[in-house]
Amino acid sequence: QSLAAEPYYNANAIAPTLLAPPPTPHSEAWNRDIDAILAMQKQPDAKELEHAAAERNMSPEMMAKAVDSALTREKYPTLYHLLDRVGDTSYAVTQNVKNFWNTKRPYLSDPRVKALIDAHDNPSYPSGHTAGSYVWAHVLGIVLPKKRDAFIARAEQIAQHRVLVGMHYPHDLSGGRELALLIVGGLLQNADFQKDRAAAEAEIKQSNR
């Protein structure tokens, strides 16, 4: 996360129990998720693994520049100020929710699942990469509505990579998408967010993007 940015609101503003609870380990739903991971890991595509490894540490650039290479931090400092604060908000909320549910990652829960990147060992549910990417996608979609579908598709690509590399269950992704909507709902009610969003939109308009 960025050093200068600060969350738009307190992590406790979103109760972890607003999310659907994750499946109980070794339940039918949990076993289905393990089977889905094993199927993805059978013949992993080298290029996809390379992308997944590059996505290990999150940044707004992972979303913005992947969709439009001209959206650089240098050209759009106001946009990135918004995205940094959004990212820090999302991160703080997600860590709080993860700690509440405190579930183990797939590669730590079933020896057949392999960690195919440098592994994370903090709680698994919900997926922070999914929540964070989707929050950025929704916010970028507000600021650049013509590219909204591309931002959402990019967020989903990042999410699926997390299952491929054994860091997350499919149900972690569902929880991440659900949490992203709650986080964005909180952002839309925040006056500072709305002020920064308007400034980012003005910056983009000025550049004719």
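Remember, predicted model here, so these are calculated numbers, not experimental data. Within each chain, residues carry numbers counting from 1 in the order of the written sequence. Reporting of local features is limited, given that this is a predicted model, to residues whose pLDDT is at least 70; pairs of side-chain atoms are given and counted only at 80 or more, and all residues count toward the totals for whole chains, interfaces and linings. For side-chain calculations, the full set of non-hydrogen atoms in the structure is used, while hydrogens and water are omitted.

Engineer: Any chance you could explain the environment of Val163 here in plain terms?
Structural biologist: Examined against the element boundaries, Val163 turns out to sit in helix H7 (residues 148-164). Along the sequence, Val163 and Lys195 sit 32 residues apart, while their C-alpha atoms lie 36 Å from each other. Residue contacts are defined here by distance: any two heavy atoms, one from each residue, within 4.5 Å place the two residues in contact. Apart from residues no more than four positions distant in its own chain, Val163 is found in contact with Ile37, Met40, Gln41, His168, Tyr169, Pro170 and Leu173. Under the DSSP-based scheme used, a helix requires at least four consecutive residues in state H or I and a strand at least two consecutive residues in state E, with every element numbered from the N terminus.

Engineer: Is there a simple way to explain the pattern of salt bridges in this structure?
Structural biologist: It is possible for side chains of opposite charge to pair when their charged atoms get near one another. Any carboxyl oxygen of Asp or Glu that lies within 4 Å of a side-chain nitrogen of Lys or Arg is treated as forming a salt bridge with it. Scanning the entire structure with this criterion turns up eleven salt bridges. A salt bridge links Glu61 to Arg73, with the shortest nitrogen-to-oxygen separation between them at 2.9 Å. A residue pair is termed long-range when its members are at least 10 positions apart, and Glu61 in helix H3 (residues 60-67) and Arg73 in the loop between H3 and helix H4 (77-101) qualify at twelve residues. Burial here depends on accessible area, computed with a 1.4 Å probe over protein chains only, as a share of the maximum for the residue type. Under 20% is buried, over 50% is exposed, and the range in between is partly exposed. By relative accessible area, which is 29% here, Arg73 ends up partly exposed. As a salt-bridge pair, Glu156 and Arg177 come within 3.0 Å of each other at their nearest N and O atoms. Linking Glu156 in helix H7 with Arg177 in helix H8 (residues 170-188), this pair joins segments that are 21 residues apart in sequence.

Engineer: In this structure, what is going on with the nonpolar core? I would like to understand it.
Structural biologist: Generally speaking, a soluble globular protein has its nonpolar side chains buried in company with each other. Put simply, buried Ala, Val, Leu, Ile, Met, Phe, Trp, Tyr and Cys residues joined by side-chain atoms within 4.5 Å make one nonpolar core. In terms of nonpolar packing, the biggest core is built from 39 residues, with Leu79, Leu82, Val86 and Leu187 touching the most fellow members. Every element with two or more residues in this core is listed here: H3, H4, helix H6 (128-143), H7, H8 and helix H9 (191-206). It is H6 that contributes the most residues to this core, eight residues altogether. Aside from chain neighbours lying at most four places away, what touches Leu187 is Tyr8, Tyr9, Val86, Thr89, Val135, Val139 and Phe193. In terms of nonpolar packing, the next biggest core, distinct from the first, is built from 13 residues, Tyr107, Val113, Ala159 and Tyr169 among them.

Engineer: Sorry, what's going on with the packing of aromatic side chains here?
Structural biologist: How two aromatic rings sit relative to each other is given by the distance of their centres and the angle of their planes. Pairs were defined over the aromatic rings of Phe, Tyr and Trp, the Trp ring being its six-membered one, requiring ring centres within 6.5 Å. Orientation was assigned from the angle between planes: stacked under 30 degrees, edge-to-face over 60, tilted for the rest. Taken as a whole and judged by the stated rule, the model has four aromatic pairs. With 5.6 Å between their ring centres and 90° between their planes, Tyr8 and Phe193 make a pair best called edge-to-face. One end of the pair, Tyr8, is in the segment before helix H1 (28-41); the other, Phe193, is in helix H9, with 185 residues separating them in the sequence. Taking the centre distance of 6.0 Å and the plane angle of 85° together, the rings of Trp101 and Tyr125 count as edge-to-face. Taken together, the residues span a long stretch of sequence, with Trp101 in helix H4 and Tyr125 in the loop between helix H5 (106-109) and H6 at a distance of 24 residues. A relative accessible area of 2% means that Tyr125 is categorised as buried. A network of ring pairs unites the aromatic residues Phe100, Trp101 and Tyr125 as a single cluster.

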